[in-house]
Each structure stands twice: as C-alpha cells, then as structure tokens.
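This is what each chain is made of:
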Amino acid sequence: MGIEKFSYDGKRVIVTGAASGIGQATAEVVESLGAEVIAMDIVETSVGKYVHLDLSDRESIESAAATVGGPVHGLFNVAGLGSSSAPDKVILVDFVGTRHLIDCVVPYMPRGSAIANVASWGNNDWRNQLDTVRPLIETDGFEAGAQWIVDNVDAFRGGAHGWQGGNAYRFSKEALTVYTFLKAHQLAPLGIRINTESPNATMSGLYRGFIDQMGGEEQAAAVASGLGGRRGEPEEQAYALAFLNSDAASYITGIDLLVDGGGGIAKKYADAANLPPMAEVSHGLAGA
Ligand SMILES: NC(=O)c1ccc[n+]([C@@H]2O[C@H](COP(=O)([O-])OP(=O)(O)OC[C@H]3O[C@@H](n4cnc5c(N)ncnc54)[C@H](O)[C@@H]3O)[C@@H](O)[C@H]2O)c1
C-alpha cells in the first residue's frame, strides 16, 4: 500500500507518438515517475530512447518491437492521425498498425504489465457501431486489415462537417475501443491489462489542425471542449494514462476512461435528461 503503486521505478515502457502532444507529455510524465522510456514515432523524439516507428508499415512495426525486445511492462499507444488526414491512412495508423504493434509487443510483456490505447471522445457512439466495426476487428493481422481498408475505404470519403477523414477517424477509434474490450478477455489469463483512454479537445498539434479545419477556435470548441469551453493540456491526458498502466490500476481492464473536462458524458447526460439547472456554487465561506 502507498504511493509506490503509482511509481514506474524498474519499469520499461514504450510510448508511441512521443515526438509531440499527448505522447510526448506521457513519455515525460512516466519518465519522471521512474520509467525507462522507449519513445517511438515517425519523427525523432526529445524524450526517452528513440526508436523509429511507422505505424502504416508492417515491417517498421515488427522491426521496432524486435529492436526493443523484452521485458516491456507498459505500452502506451498514443500515436495517431486526426480527421484532417486521408481516410485510408487514418484507419491504417489509428487501428490496423496500432493493433499490430500490440500483437508484436505482447510476447515481451510479463504478468502485471499493461497497455493503454488512446482513443477519442469521437468513439462515443461505439455501442451503436458494433456491427460496423466488427468486419475490420475480425481481420487477422496487418495485411488482412490493410486489405480490408483498400476494399472499403470509399465508404469513408466525404463525411460529416466536410472533414476529409472525419468518418474514418470516428470509425477507427470506435474499432480500437471495441477491440480493446475484446482483447481484455484474451489477455486476462496472461495477467496483462488493456484499456482505452479517450481525450476530447486537448491542445496538441493534432488539435490545432482540427481548429484550422473547423475554421477557428470558437467553431472547434463548439464541437468538443470541456465544461465552460475549457480545452485540456497534453499533461492532463498523460497523468490519466500513467495511472491506467500503473500498479495502482491493477483491477482495471477493458474500460474506456474518458478524460474530457466534463464535456462528454456529463454534458450529454445533462442535455438528454433535460436536468434542472443547479444552484450557483459559491467559493466564499458559508455565511460570510
Ligand atoms: N488532441 C486532441 O484533442 C485529441 C482528442 C482525441 C483524441 N486524440 C488522440 O490523441 C493521440 C495523440 O494525439 P495528439 O493530440 O498528441 O496529436 P499530435 O499530432 O501532437 O501527436 C501525434 C503523434 O503521432 C505521430 N504519428 C503520426 N503518424 C504516425 C505513424 N504513422 N507512425 C508513428 N507515429 C505517428 C506524430 O508524429 C505525432 O508525434 C491520437 O491518437 C489522437 O487521435 C487527441
């Protein structure tokens, strides 16, 4: 019992997307908590030991995993493309490549280790999309997943709000979320946990691209933000990810942890239930 449950002392972890935004913050946070960090990205990182990884390339994924070897106590799958990228690339990187990296790293993970996949608040309709994501989830391995994309990508062009990869982005994050729930069953007998963590608007390179796409800060905040219009910082996602892969979360597997400043479920529930407004909160001393 104690604070050491949150510690990464003696742990060797992989963080993907570590060159920027949430991935970089995660690498910095877990390094500060004692981890030996292997930082993977297509771009060289300023934190951890850099290993080149291109999640759209099967050989790159396999060679990165083999270079690292074992043991790996924590895998943080943070790298991803946003809705401004081409639909086929979004699905390849955000789901197919990420899944393949998991397959390649799991053999190096001892009992007690954990995987955290960054999904998105964009996954929030996953319950209604089970039949839509099932065919991709059922593909066996990288090549079959990549072929599924080639055969089905036309369904993702265009998209709501005119976002080029918007539909593909939501689809890949829904697929990643449902896959994570299923994978939790498969990994439980090995003593390995796996969860998703879902940010909404978080000030990173990817989010700045989203602001441009939406035509400005205000328009972007109207689509996704925390309560009161607040946007999150990468570090606020990083601490949640660090918790999920720490020993403090040893009974947590197969969940999606929303880190959304109250702008996701809390807002959706209040809107749906048409709840009465609450009395204003005062920060002053009672009766003062
Ligand atoms: N920022 C947000 O508002 C937000 C909201 C919801 C979900 N997310 C998710 O958070 C994760 C991190 O995004 P971010 O906001 O930090 O964005 P970011 O653009 O700052 O970082 C993404 C990183 O992924 C790397 N990357 C891209 N393609 C890659 C590839 N083929 N192989 C390896 N690495 C690759 C990039 O080089 C970059 O370093 C993503 O999965 C994203 O979908 C972000």
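> Explanation requested: the side chain of Thr180 in the structure shown.
Here Thr180 lies in helix α6 (residues 166-187). At 2.6 Å, the side chain of Thr180 and the backbone oxygen of Leu176 are in polar contact.

> How should I be thinking about the sheet that holds strand β2 (residues 36-41) in this particular structure?
The strands that make up a sheet are held in pairs by hydrogen bonds between backbone atoms, and each pair lies either parallel or antiparallel. Spatial strand order, β3-β2-β1-β4-β5-β6-β7: seven strands in an open sheet with parallel pairing. Taken across any chain shown, the strands that pair with only one partner, and hence form the sheet edges, are β3 (49-52) and β7 (256-259). Geometrically, the sheet is characterised by an average inter-axis angle of 20° between neighbouring strands, direction not taken into account. Here strand β1 (residues 12-16) runs beside β2; their pairing, made up of five bridges, is parallel. By the bridge assignment for β2, Arg12 is matched with Glu36. Across the face of the sheet, helix α2 (residues 58-68) comes into contact with β1, β2 and β3 while running at roughly 150° to β3. Strands β1, β4 (74-77), β5 (114-118) and β6 (193-199) of the sheet are contacted by helix α3 (residues 87-105), whose axis makes an angle of about 170° with β4.

> Is there a simple way to think about the packing of helix α4 (residues 130-137) against α6 in this case?
Think of two packed helices as two axes; the pair is described by the angle between the axes and how far apart they sit. The geometry of α4 relative to α6 is characterised by a closest axis approach of 9 Å and an angle of 75° between their N-to-C directions. Viewed along their axes, α4 and α6 adopt a mutual orientation that is roughly perpendicular. On the side of α4, the interface is formed by Leu130, Thr132, Val133, Leu136 and Ile137, while α6 contributes Phe171, Glu174, Ala175, Val178, Tyr179 and Leu182. Among the residues making up the contact of α4 with α6, the classes are represented as nine nonpolar, one polar and one charged.

> What is the right way to read the environment of Val72 from this model?
Residue position: Val72 is located in the loop between α2 and β4. Counting along the chain gives 58 residues from Val72 to Ile14, while the straight-line C-alpha distance between them is 7.2 Å. Apart from residues lying up to four places away in sequence, Val72 is in contact with Arg12, Ile14, Val105, Tyr108, Met109, Pro110 and Ser113.

> Looking at this structure, how should I read the site of the ligand?
Near the ligand you find 30 residues, and of these Ser20, Ile22, Asp41, Thr202 and Ser204 are the closest. Between the ligand and the protein, one listed contact pairs an oxygen atom with a backbone N or O atom of Ile22 at 2.7 Å. One of the backbone N or O atoms of Val78 is found 3.0 Å from an oxygen atom in the ligand. Contact with the protein chains covers 92% of the free accessible surface of the ligand, which is 830 Å². The set of elements that each furnish at least two residues to the shell around the ligand consists of α1 (21-32), α6 and α7 (205-214). It is α7 that contributes the most residues to the shell around the ligand, three residues altogether. Residue classes in the shell around the ligand are distributed as 17 nonpolar, ten polar and three charged.

> Sorry if this is basic, but what is going on with the pattern of salt bridges here?
Side chains that differ in charge, positive against negative, can pair when their charged atoms come close. Per the stated rule, a full pass over the model turns up nine salt bridges. The closest approach of N and O atoms between Asp247 and Lys11, which form a salt bridge, is 2.9 Å. Of the two residues, Asp247 is situated in the loop between α9 (234-244) and β7 and Lys11 in the segment before β1; the sequence distance between them amounts to 236 residues. Taking the shortest distance from any N to any O, the salt bridge between Glu62 and Arg58 comes out at 3.1 Å. Pair noted here: Glu62 and Arg58 are both in helix α2, with a separation of four residues, about one helical turn. Salt bridges sharing common partners tie together Arg58, Glu62 and Glu143.

> Where do I start with a negative patch on the surface in this structure?
A contiguous patch of negative charge on the surface is contributed by Glu28, Glu31, Glu233 and Glu235. Among the structural elements, Glu233 can be located in the loop between α8 (217-223) and α9. We classify Glu233 as partly exposed; its relative accessible area is 42%.

> Any chance you could explain the pairing of β2 here in plain terms?
Side-chain positions along a regular strand alternate between the two faces of the sheet. For β2, the buried fraction is high: five of the six residues fall into the buried class. Once the chain exits β1 it traverses α1 before rejoining the sheet at β2, and the crossover so formed is right-handed. Summarising the sheet, β2 and β3 pair through four bridges and their orientation is parallel. Counterpart to Asp41 in the pairing with β3 is His52.

Reading guide: rules and limits
- Residues numbered from 1 in each chain as written.
- Predicted model: local features only at pLDDT ≥ 70, side-chain atom pairs only at ≥ 80, totals over all residues.
- Heavy atoms only, no water.
- Helix = DSSP H or I, 4+ residues; strand = E, 2+ residues; numbered from the N terminus.
- Polar contact = N/O pair within 3.5 Å; in protein donor to acceptor, adjacent residues only side chain to side chain.
- Pairing = 2+ DSSP bridges.
- Axes fitted to C-alpha atoms, helices over the stretch in contact; angles between N-to-C directions.
- Contact = heavy atoms within 4.5 Å.
- Parallel < 35°, antiparallel > 145°, perpendicular 65-115°, else oblique.
- Nonpolar A, V, L, I, M, F, W, Y, C, P; charged D, E, K, R; others polar.
- Near = heavy atom within 4 Å.
- Areas by Shrake-Rupley, 256 points an atom, 1.4 Å probe, with all protein chains shown as cover.
- Salt bridge = Lys/Arg side-chain N within 4 Å of Asp/Glu carboxyl O.
- Patch = residues over 30% accessible without salt bridge, like charges linked within 9 Å, V, L, I, M, F, W, Y side chains within 5 Å.
- Lys, Arg positive; Asp, Glu negative; His and termini not counted.
- Charge placed at Lys NZ, Arg CZ, Asp CG, Glu CD.
- Buried < 20%, exposed > 50% of the residue type's maximum accessible area, 1.4 Å probe, protein only.
- Right-handed = clockwise from strand over helix to strand, strands pointing away.

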